[in-house]
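Below, each chain spelled out in residue letters.
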Amino acid sequence: MSRPVPKPGILDIAPYVPGKSGAGMHGRVFKLSANEAALGPSPKAVEAFSRTAAGLEIYPDGSARLMREAIGRAFDIDPANVVCGVGSGELLHTIANIYLGPGDEAIHTTHGFLLYPIATMSNGATNVVAPETNFTADVDAILKAVTPRTKIVWLANPNNPTGTYVTAAEVRRLRKNLPPQTLLVLDAAYADFCSNADYEAGIELVKETDNTVMARTFSKIHGLAAVRLGFIFGPSHLIDVVNRVRDPFNSNGPAMQAAIASLADTEHYKAAQTHNEKWRAWLTDEISKLGLTVTPSAANFILIHFPTTLGKTAADADAFLTKRGLILRAVAAYKLPQALRLSVGTEEPNRLVVEALREFMGAA
Ligand SMILES: *Cc1c(COP(=O)(O)O)cnc(C)c1O
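Residues numbered from 1 in each chain as written. Predicted model: local features only at pLDDT ≥ 70, side-chain atom pairs only at ≥ 80, totals over all residues. Heavy atoms only, no water.

With respect to the sheet that holds strand 11 (residues 293–295)
Line of reasoning, step 1. Strands sit in the order 11-12-15-14 across an open sheet of four strands; the sheet is antiparallel. Each edge of the open sheet carries a strand with a single partner, namely strand 11 and strand 14 (329–330).
Line of reasoning, step 2. When strand 12 (residues 301–305) meets strand 15 (residues 339–343), the two strands line up antiparallel, connected through five bridges. Within strand 15, the residue paired with F301 across the bridge is S343.
Line of reasoning, step 3. Here helix 11 (residues 314–323) sits on the sheet in contact with strand 14 and strand 15, set at roughly 40° to strand 15. (Pairing = 2+ DSSP bridges. Helix = DSSP H or I, 4+ residues; strand = E, 2+ residues; numbered from the N terminus. Contact = heavy atoms within 4.5 Å. Axes fitted to C-alpha atoms, helices over the stretch in contact; angles between N-to-C directions.)

Here it is, written out as structure tokens:
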């Protein structure tokens, strides 16, 4: 070969293809394809972000101290055990870079978040897929997939794109039965939307064990996806290594100012939770009444299953909705070719989607 060649495994990666954005479409477009915040960011976050326009030439604080302290207060965790990054996506990659290499295995579940196989394969490690039950991660199936080579178990809880979650008791049972040298990564991007009493994001488990890490993001309930900020909370030995490997200035200043203001605006946060609970339930009910199956969701989106009947498939529905400016997420890449994922929006698009689906299901 007369040109640079990527490491083994890299070219086996299927590039992540984001959902349609609606960019370039005519008329009104409602983007309900990326689980972005229905109510948008806190006005206080926008204000704090705007103020940072003065001072763009200055490097941000590489230790993200003020941001970590704000996270520490908000979550009742030690800021020393927090690392911030360019969305939680960056940090999941960093974790994979640290712990995975050729010959190692990392487990995710059938409809797990697509970033996991990408991070695993980027490091020449082997992806192991554990089957789900009712579109939900199955602890016994994960444990069955464990071998002496298993270095990481990736678990989005609640999961994207299914919206299902694993109870705190089950996550604890998983941790307890995994080998101590296997890192359990709890990706809690949607934790803010799950108010069920039997759910935990993983904070306690991280505190109690030496081999669990939790990832969080400001992209979802905080409505700050554009500025790219996330964090992990983990045991000191892991945090120490992540801090050695990460880019020294991996959290940008304007993003941190916005996120600090957002954490302080608990009113906006609660409004976003209330909005989501109300409209998630409404969308689930209304769409179920049309004869479609909706997987019960603990997140800010729902998974809608379509029949295989000619003219009524998920692809047909996607085309029908897109024509009306309603952009949902096709999830065939998640092994869900007969489903579409709908992010909870504001009242208007929520109602428009239900009306359009009623028409779609009624039409010959
Ligand atoms: C959106 C999402 C994230 C967060 O990604 P960012 O890089 O922080 O924007 C992480 N995990 C899952 C499962 C997600 O859906």
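With respect to the sheet that holds strand 4 (residues 126–130)
Consider a sheet: its strands pair through backbone hydrogen bonds, and that pairing is either parallel or antiparallel.
Line of reasoning, step 1. Spatial strand order, 2-10-9-8-7-3-4: seven strands in an open sheet with mixed pairing. Of all the strands in the sheet, just strand 2 (82–85) and strand 4 have a single pairing partner and so form its edges. On average, each strand axis in the sheet is inclined to that of its neighbour by 20°, with strand direction left out of account.
Line of reasoning, step 2. Pairing geometry for strand 3 (residues 105–109) and strand 7 (residues 150–156), over three bridges, is parallel. Note on strand 7: the bridge partner recorded for I107 is V153.
Line of reasoning, step 3. Seen against the sheet, helix 4 (residues 115–122) touches strand 3, strand 4, strand 7 and strand 8 (183–187) and runs at an angle of roughly 160° to strand 7.

Remarks on unusual backbone geometry
Line of reasoning, step 1. Cis geometry marks the peptide bond from N157 to P158, where omega comes out at -5°.
Line of reasoning, step 2. As for its position among the elements, P158 is in the loop between strand 7 and helix 6 (168–177).
Line of reasoning, step 3. Of note, the phi angle at N35 is positive, near 60°, even though the residue is not glycine.
Line of reasoning, step 4. Its location among the elements puts N35 in the loop between strand 1 (30–31) and helix 1 (43–51).
Line of reasoning, step 5. When its relative accessible area of 1% is taken as the criterion, N35 is described as buried.
Line of reasoning, step 6. Unusually for a residue other than glycine, D76 sits at a positive phi of about 55°.
Line of reasoning, step 7. Among the structural elements, D76 can be located in the loop between helix 2 (65–75) and strand 2. (Buried < 20%, exposed > 50% of the residue type's maximum accessible area, 1.4 Å probe, protein only.)

Remarks on the packing of aromatic side chains
Line of reasoning, step 1. Evaluated as defined, the whole model comprises ten aromatic pairs.
Line of reasoning, step 2. Aromatic side chains Y59 and F249 sit 4.5 Å apart centroid to centroid with 35° between the ring planes, which places their arrangement in the tilted category. Of the two residues, Y59 sits in the loop between helix 1 and helix 2 while F249 sits in the loop between helix 8 (236–245) and helix 9 (253–264), which places them 190 residues apart along the sequence.
Line of reasoning, step 3. Among the residues examined, F249 registers a relative accessible area of 38% and is labelled partly exposed.
Line of reasoning, step 4. Grouping aromatic residues by their ring pairs yields a cluster made of F75, F218 and F231.
Line of reasoning, step 5. The residue whose ring lies beneath K312 is F360, and the NZ or CZ to ring-centre distance is 5.4 Å.
Line of reasoning, step 6. Sitting over the face of the ring of F320, R324 holds its NZ or CZ atom 3.6 Å from the ring centroid. (Phe/Tyr/Trp six-rings, centres within 6.5 Å; stacked < 30°, edge-to-face > 60°. Lys NZ or Arg CZ within 6 Å of the ring centre and 35° of its normal.)

What about the domain arrangement of the chain?
Line of reasoning, step 1. Assigned domains within the chain: domain 1 (10–40 + 267–361) and domain 2 (43–265).
Line of reasoning, step 2. The C-alpha-based centres of domain 1 and domain 2 are spaced at 24 Å.
Line of reasoning, step 3. Across the boundary between the two partners, domain 1 contributes 32 residues, which contact 29 residues of domain 2.
Line of reasoning, step 4. Three residues stand out in domain 1 for area buried against domain 2, namely Y269, A298 and Y334, and they jointly supply 23% of the buried area on that side.
Line of reasoning, step 5. Of all the secondary-structure elements, those providing two or more residues to the side of domain 1 that touches domain 2 are helix 10 (266–289) and strand 12. (Domains from an automatic or database assignment. Buried area = accessible area lost by both parts, 1.4 Å probe.)

Focus: the site of the ligand
Line of reasoning, step 1. The ligand sits among G87, S88, G89, F113, N160, D187, A189, Y190, T217, S219, K220 and R228.
Line of reasoning, step 2. Here an oxygen atom of the ligand and a backbone polar atom of G89 are 3.0 Å apart.
Line of reasoning, step 3. In the model, an oxygen atom of the ligand is placed 2.8 Å from a nitrogen or oxygen of the N160 side chain.
Line of reasoning, step 4. Protein contact buries 91% of the 390 Å² of open area that the ligand shows by itself.
Line of reasoning, step 5. In terms of residue count, the dominant contributor to the shell around the ligand is helix 3 (residues 87–99) (three residues).
Line of reasoning, step 6. Partitioning the shell around the ligand into residue classes produces three nonpolar, six polar and three charged. (Near = heavy atom within 4 Å. Polar contact = N/O pair within 3.5 Å; in protein donor to acceptor, adjacent residues only side chain to side chain. Areas by Shrake-Rupley, 256 points an atom, 1.4 Å probe, with all protein chains shown as cover. Nonpolar A, V, L, I, M, F, W, Y, C, P; charged D, E, K, R; others polar.)

Some thoughts on the side chain of S297
Line of reasoning, step 1. Note that S297 resides in the loop between strand 11 and strand 12.
Line of reasoning, step 2. A polar contact of 2.6 Å, which involves the side chain of S297, links it to the backbone oxygen of F301.
Line of reasoning, step 3. Not counting residues within four places of it along the chain, the set of residues in contact with S297 comprises G163, R280 and I302.

Concerning the pattern of salt bridges
If the charged atoms of two oppositely charged side chains come close together, the side chains can form a pair.
Line of reasoning, step 1. Counting across every chain of the model gives 16 salt bridges.
Line of reasoning, step 2. We note a salt bridge from K20 to D318, for which the minimum N-O separation is 3.2 Å. In this pair, K20 sits in the segment before strand 1 while D318 sits in helix 11, placing the two residues 298 residues apart along the sequence.
Line of reasoning, step 3. The class of K20 is partly exposed, set by a relative accessible area of 37%.
Line of reasoning, step 4. One salt bridge connects R28 with E348, and the closest N-O pair in it is separated by 2.8 Å. In this pair, R28 sits in the segment before strand 1 while E348 sits in helix 12 (residues 347–362), placing the two residues 320 residues apart along the sequence.
Line of reasoning, step 5. Judged by its relative accessible area of 55%, R28 falls in the exposed class. (Salt bridge = Lys/Arg side-chain N within 4 Å of Asp/Glu carboxyl O.)

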